[in-house]
Amino acid sequence: MTSEHTKESTWEFFKKNNFFGLTEENVVLFEQHMLPALSFEGKIILDKPYKVHKAPGILTNFVTSIFNNISEKYFQQ
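All values reported here derive from a predicted model rather than from experimental measurement.

**Q** Please provide a residue-by-residue account of the overall build of the chain, values included.
**A** The secondary structure content of the chain amounts to two helices and four strands. When the elements of the chain are put in sequence order from the N terminus, they spell out α-β-β-β-β-α. Counting across all 77 residues of the chain, residues that qualify as buried make up 16%. Restricting the contact set of the chain to residue pairs at least 6 apart, pairs at least 24 apart contribute 46%. About 6500 Å² of surface is accessible on the chain, with carbon and sulfur atoms providing 60% of the total.

Criteria and thresholds
Residues numbered from 1 in each chain as written. Predicted model: local features only at pLDDT ≥ 70, side-chain atom pairs only at ≥ 80, totals over all residues. Heavy atoms only, no water. Helix = DSSP H or I, 4+ residues; strand = E, 2+ residues; numbered from the N terminus. Buried < 20%, exposed > 50% of the residue type's maximum accessible area, 1.4 Å probe, protein only. Contact = heavy atoms within 4.5 Å. Areas by Shrake-Rupley, 256 points an atom, 1.4 Å probe, with all protein chains shown as cover.

Distances and angles like these do not, on their own, reveal function.
Have a look at this one:
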């Protein structure tokens, strides 16, 4: 799982290291989506006035990311 900032460099790292013995077809990297961050009180956290801070989602986001990225790779027509 990667972020929007690390997906490309992570892929290049795997490529440079010959996918650590795997074939390229057997390596799947996917981007974890970011969601608005909330405080423990349920308030939206801001980076700046009018700019919502985003953080990686937890389990629901993880499952959604897996499904979206796997389905894009294996179920394209």
